[in-house]
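# Descriptive analysis of the structure
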Protein chains: 2
Amino acid sequence: MTPLLTTTTTNPMNSDEFRRQGHMLIDFIADYHSNIEQYPVLSRVKPGYLRQLLPPSAPYEAEPIEEIMKDIQSHIIPGITHWQHPSYFAYFPCSSSTAGILGELLAAGFGVVGFNWEASPAATELETIVMDWFGEMLSLPKPYLFSGDGGGVIMGTTCEAFIVMLVAARDQKLAEIGKDKIGKLVVYCSDQTHCALQKAAKVVGIRPGNVRAVATTRAASFALSPDSLESAVLADVEMGWVPLFLCATIGTTSTTAVDPLQPLCQVAKQHGMWVHVDAAYGGSACICPEFRHVIDGVEGADSFSLNAHKWFFTTLDCCCLWVKNPDALKRSLSTNPEYLRNQASDSGGVIDYKDWQLTLSRRFRSLKLWMVLRSYGVANLRSFLRGHVAMAKAFEKLVAGDDRFEVVVPRRFAMVCFRMTRTSEGSGSDDDGGDEGANNLMNKKLLERVNGSGRVFMTHALVGGIYLLRFAVGSTLTEPEHVMEAWKVIQEHADAIQGDYIHLY
Amino acid sequence: MTPLLTTTTTNPMNSDEFRRQGHMLIDFIADYHSNIEQYPVLSRVKPGYLRQLLPPSAPYEAEPIEEIMKDIQSHIIPGITHWQHPSYFAYFPCSSSTAGILGELLAAGFGVVGFNWEASPAATELETIVMDWFGEMLSLPKPYLFSGDGGGVIMGTTCEAFIVMLVAARDQKLAEIGKDKIGKLVVYCSDQTHCALQKAAKVVGIRPGNVRAVATTRAASFALSPDSLESAVLADVEMGWVPLFLCATIGTTSTTAVDPLQPLCQVAKQHGMWVHVDAAYGGSACICPEFRHVIDGVEGADSFSLNAHKWFFTTLDCCCLWVKNPDALKRSLSTNPEYLRNQASDSGGVIDYKDWQLTLSRRFRSLKLWMVLRSYGVANLRSFLRGHVAMAKAFEKLVAGDDRFEVVVPRRFAMVCFRMTRTSEGSGSDDDGGDEGANNLMNKKLLERVNGSGRVFMTHALVGGIYLLRFAVGSTLTEPEHVMEAWKVIQEHADAIQGDYIHLY
């Protein structure tokens, strides 16, 4: 045969070159984490900044790694909003760790595609094992585990879990009531449920008008009320709609509200609904016995998911989903083309995860979760989460001690929902009435200033007409001094805004 | 504040520890790649092997990385089917590279979640830039690029791209014909289209009976015939069904067949269908001018995707999707909850990729594609692909030169479809008739033996009643000697089987 590589003599997976560049990258990332506090948390670039810096076309000839790293430092890093910054308190964290990052690296190094058992038995088997380990740590009821009759699977995000659960529930229901009745199906959630549910319902063909976002109240800390759910369901049933699915949330995005599972499941089950528990953020806390009560009643639901990349140190992406009845998934999602057939699958004695999820190809994600569980152990993982909660508690106390501010809803996990109030006497009760508009504007302004400082990044929510600031502790590098510093920054800008305020009103 | 970490004193993202463990992992992966030939390509473990080796629960205390690495070596590696092995010729490759692996590492190190522009401008902007670079390398028509009025997005897999395209097409069509007509919609493909399309159609609520897998023939090399498509569509229209979507494939899974885009688009467009081009495998080859003709006619389609993790060195996952009309995606997939609102998004002047895909959270995948493009350059990338094609060509010649074997369909890219034939005079024509059953069994047996040897891993397909062996060259480490060695192994087992065969018949 003729020589095949003409313009380079090095195979792109040559080990020596991998080693050389790999060590360089490890040092680069270690330095990035060491020096991360020198960057503004929220990127300050303007839209379109990068197209001006990069050439219009891919290079014809190879470029050395040194050149690429130089551009990463000078062109990419300024455009990064530093989610791993210790002063990042926005959205929910995407918590990382040495074990999580290196688990992802190792998975990339193996480069296996574990769609079925045979395609890499270790990828499938490790996933079943760590999902049982993790489920046990959360005290999930046995029927959710492989050691019961259920089981767990790792997906990318909760959005995928929603779609998969809805498809399984939909097909199960249509098999009962007739395949042409898709237009009759109704999905229930609260007005605090993550928007991904509405999107997932739309994707699977539920009519957008058939998602009932039941109203919550500040008095009930924005949790879904079983009575309100029941009223909504009864009204629908009377009109001939068919209740399909309830999504309950443990730790809503806006305020970390916790929907009461036990009574909600009772209502849902009376009407033959599939109940999914979205614990994307709050679920991880259940490894601490003092938090486990937030999922009391989960035994009455059908499926439960959390994002281990949110508050469990595994780096994006790692959504853990447990289901009581994997057959319902497999009935909807199995594919068995001849080109994927093999003895192990034909035997029926193995798990082919492709039939539990939307996609065929799947990364070896269990590796990073396994490395996180082993590298830190249950004791440290609890301690990390408790550390975040303690910092949030301390921040809550600081807010409560400053009469220009109020805590809007009681803190449940490691996020504090707060705001400035217009007058120092402001009670923050539901009766603020006409002042809310002015309050909201003031808090919006405060947030813009604080984020603009580059020293802190927070985000906001609007609930019950109240614009509130969300201070979500959970970035792995965050230590108590960063919380203190954030509070100082917030206070400084509050002072400045109060000055403006006196001018304006 | 009180000390927060009780059982450990080290932050799980401590840079020194990251550096120490990171260098260890880089060396581990480099060694794995250096020594990969010592492992059997196809794992030999038995179902359930790993549960016997690992403890039943997660550890309470932290374990050192050295212990974990020991277990990876002794417990995980034996359960891996080595997709990066140079003698891996199964399914399609999942081609890796130093740049791909390290790009994934760097993305994990940054740990950003680029769901919208503000959440990390560089993640969004780099994606738009590399998708234009790559699109230009493929000579995609301008309307698919941001520099035209279209644009590209990176997803995990083609399965997600299928769902997204179907949802966009479905909603567009239902807006025309009425939202209750979902049961009328029909999706077209060939009997060679990847099974993920049927699954995606089911997910979005298309009735399973409404996916028309139009029959192909060996005479037409299993490509979808425009005439057959037209007949199917006309029959459906006459029955009152509504044509929605056509999926054409460039490089089918079973035999790398190429559907003729130009005439297929003509038929589809006459009936108002969305045309998606699934070039998951074959698309990459279009960076070589001599292969570009396989997507001639793509200008008539609506969307085009390929998996850069298949045959473009970026490691799983990296599905590149280009669309002419991103607004169709955004109309179906946008979500705008208050907690995600920000000035940049409100301005309308930025791209929020969450509205182009199923999931909200997304990894910084463009980083690895950018690093691949720059580290190797267009010249080397062409040369790598040509090297694979040359090796497949050489293998094809070896097969054709041995009269116990036949090439079942002409090779198009870097995969050879072949089989043993029962008699040395076997012509392999469509008229083999009654012998096919025996031939198929013989080839099945050959495949089992070859894969059981551990020295080669291939997979099979069944097309037009013919069980064929797929020899897919594309693993990055594969060199001509591995192809020669594979042929030797195949011949040895063919000899042995011919011995058995004489016994049996």
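Keep in mind that this is a model prediction, so the values were computed, not measured.

Criteria and thresholds
- Residues numbered from 1 in each chain as written.
- Chains lettered and ligands numbered in written order.
- Predicted model: local features only at pLDDT ≥ 70, side-chain atom pairs only at ≥ 80, totals over all residues.
- Heavy atoms only, no water.
- Helix = DSSP H or I, 4+ residues; strand = E, 2+ residues; numbered from the N terminus.
- Rg over C-alpha atoms; globule rule 2.2 N^0.38 Å.
- Buried < 20%, exposed > 50% of the residue type's maximum accessible area, 1.4 Å probe, protein only.
- Contact = heavy atoms within 4.5 Å.
- Areas by Shrake-Rupley, 256 points an atom, 1.4 Å probe, with all protein chains shown as cover.
- Axes fitted to C-alpha atoms, helices over the stretch in contact; angles between N-to-C directions.
- Parallel < 35°, antiparallel > 145°, perpendicular 65-115°, else oblique.
- Left-handed = near helix turned anticlockwise from the far one by under 90°.
- Nonpolar A, V, L, I, M, F, W, Y, C, P; charged D, E, K, R; others polar.
- Phe/Tyr/Trp six-rings, centres within 6.5 Å; stacked < 30°, edge-to-face > 60°.
- Lys NZ or Arg CZ within 6 Å of the ring centre and 35° of its normal.
- Domains from an automatic or database assignment.
- Buried area = accessible area lost by both parts, 1.4 Å probe.
- Salt bridge = Lys/Arg side-chain N within 4 Å of Asp/Glu carboxyl O.
- Polar contact = N/O pair within 3.5 Å; in protein donor to acceptor, adjacent residues only side chain to side chain.
- UniProt positions renumbered as here; feature names shortened; annotations may be inferred.
- Pairing = 2+ DSSP bridges.
- Least-squares fit on C-alpha atoms with pLDDT ≥ 70 in both.
- Expected span 1.5 Å × (residues − 1).

## Points about the overall build of chain A
Within chain A, the secondary structure is distributed over 15 helices and 11 strands. At 25 Å, chain A has a C-alpha radius of gyration in line with the 23 Å of a compact globule built from 505 residues. Viewed in the frame of its principal axes, chain A has a C-alpha envelope of about 85 × 65 × 45 Å. Counting every position in chain A, which comprises 505 residues, the buried fraction comes to 68%. For chain A, restricting intrachain contacts to residue pairs at least 6 apart in sequence, the fraction spanning at least 24 positions comes to 75%. Accessible surface for chain A amounts to roughly 16100 Å². Of this, 52% is attributable to carbon and sulfur atoms.

## What about the packing of helix α1 (residues 15–35) of chain A against helix α1 (residues 15–35) of chain B?
One way to put it is that α1(A) packs onto α1(B) with a least axis distance of 9 Å and a crossing angle of 165°. One element, α1(A), and the other, α1(B), form an angle in the roughly antiparallel class. Crossing hand, α1(A) versus α1(B): right-handed. Within the contact between the two elements, α1(A) uses S15(A), F18(A), R19(A), G22(A), H23(A), I26(A), D27(A), I29(A), A30(A), D31(A), H33(A) and S34(A) and α1(B) uses S15(B), F18(B), R19(B), G22(B), H23(B), I26(B), D27(B), I29(B), A30(B), D31(B), H33(B) and S34(B). In terms of residue class, the contact of α1(A) with α1(B) is made up of 8 nonpolar, 10 polar and 6 charged.

## Description of the packing of aromatic side chains
Scanning the model with the defined rule gives 52 aromatic pairs over all chains in all. When the ring of Y32(A) is compared with that of F110(B), the centres are 4.9 Å apart and the planes differ by 90°; the resulting orientation is edge-to-face. Of this pair, Y32(A) sits in helix α1 while F110(B) sits in helix α4 (residues 98–110), which puts the two residues in different chains. For the residue pair Y32(A) and F110(B), the accessibility class agrees, reading buried in each case. Ring pairing ties together the aromatic residues F134(A), F304(A), F312(A), F313(A), W322(A), Y376(A) and F384(A), which thus form one cluster. Note that R470(A) overlies the ring of F92(A), its terminal NZ or CZ placed 5.0 Å from the centroid.

## Some thoughts on the domain arrangement of chain A
The domain architecture assigned to chain A consists of domain 1 (15–82), domain 2 (113–364) and domain 3 (374–504). Here the C-alpha centroids of domain 1 of chain A and domain 2 of chain A sit 37 Å apart.

## Overview of the interface of chain A and chain B
Contact with chain A, which involves 165 residues of that partner, is made by 165 residues of chain B. For chain A, the biggest contributors to the area lost against chain B are M13(A), Y339(A) and R374(A); these three give 6% of the whole. Summed over the shared surface of chain A and chain B, the result is 16 salt bridges. Of the charged contacts, one joins R374(A) and D71(B) as a salt bridge, the two residues approaching to 2.7 Å between their closest N and O atoms. Where chain A packs against chain B, one counts 77 residue pairs in polar contact (both at pLDDT 80 or more).

## Quick word on the UniProt feature "modified residue: N6-(pyridoxal phosphate)lysine" (unreviewed entry) in chain A
All names here are of chain A. Here, UniProt's "modified residue: N6-(pyridoxal phosphate)lysine" (unreviewed entry) annotation points to K310. Mapped onto the elements, K310 comes out in helix α10 (residues 308–311). On the basis of relative accessible area, K310 is assigned to the buried category, the value being 16%.

## Side note on the sheet that holds strand β4 (residues 242–249) of chain A
All names here are of chain A. In spatial order, the strands read β1-β7-β6-β5-β4-β2-β3; together these 7 strands make up an open sheet with mixed pairing. Sheet topology places β1 (151–155) and β3 (211–214) at the edges, where each strand pairs with a single neighbour. Each adjacent strand pair in this sheet contributes to an overall mean axis angle of 20°, direction not counted. Pairing of strand β5 (residues 274–278) with strand β6 (residues 303–307) involves 3 bridges; the strand directions are parallel. Of the residues in β6, the one forming a bridge with H276 is S303.

## Section: the environment of D180(A)
All names here are of chain A. Relative to the elements of secondary structure, D180 occurs in the loop between α6 (158–177) and β2 (185–190). According to the relative accessible area criterion, D180 is exposed, its value standing at 56%. Residues D180 and C265 lie 85 residues apart in sequence; the distance between their C-alpha atoms is 27 Å.

## Some thoughts on the relation of the copies chain A and chain B
Mapping chain A onto chain B calls for a rotation angle of 180° and an axial translation of 0.0 Å; the resulting RMSD is 0.0 Å. Interpreted geometrically, this transformation is the action of a two-fold axis. Taking C-alpha positions as the reference, the residue of chain A nearest the rotation axis is V204(A), at 2.1 Å. Interface overlap between copies: 100% of the residues of chain A at the interface are likewise at the interface in chain B, consistent with a symmetric, same-surface contact.

## Here we look at helix α14 (residues 436–452) of chain A
All names here are of chain A. In a regular helix each residue adds 1.5 Å, so 17 residues correspond to 24 Å; α14 covers 24 Å between its end C-alpha atoms and thus fits that length. Turning to α14, its buried residues number three or more, namely E436, A438, N439, N440, M442, N443, L446, L447, V450 and N451. Positive phi appears at G454, one or two residues downstream of α14, with a value of about 80°.

## Some remarks on the pairing of strand β6 (residues 303–307) of chain B
Residue and element names in this part refer to chain B. Counting buried residues along β6, 5 of its 5 residues qualify, which places the element largely inside the surrounding structure. Burial along β6 is two-sided: the face carrying S303, S305 and N307 and the face carrying F304 and L306 are both buried. Bridge count for β6 against strand β7 (residues 319–323) is 5 bridges, and the pairing is antiparallel. In the sheet register, F304 faces β7, and the bridge partner there is W322.

## Remarks on the environment of N325(B)
All names here are of chain B. When you line up the elements, N325 lands in the loop between β7 and α11 (326–333). Residues N325 and A235, 90 residues apart in the sequence, show an inter-C-alpha distance of 29 Å. Leave out the neighbours within four places in its chain, and N325 touches Q172 and R331.

## Description of the side chain of D402(B)
Residues and elements named next belong to chain B. Positionally, D402 belongs in the loop between α13 (366–400) and β8 (405–409). Exposure remark for D402: the relative accessible area of 9% places this residue in the buried category. Excluding its chain neighbours within four sequence positions, the residues that come into contact with D402 are W487 and Q491.

## Things to note about the environment of V275(B)
Residue and element names in this part refer to chain B. For V275, the position within the fold is in strand β5 (residues 274–278). The class of V275 is buried, set by a relative accessible area of 0%. Separated by 64 residues in sequence, V275 and V211 place their C-alpha atoms 14 Å apart. Not counting residues up to four positions away in its chain, the partners in contact with V275 are L246, C265, A268, K269, A301, D302 and S303.

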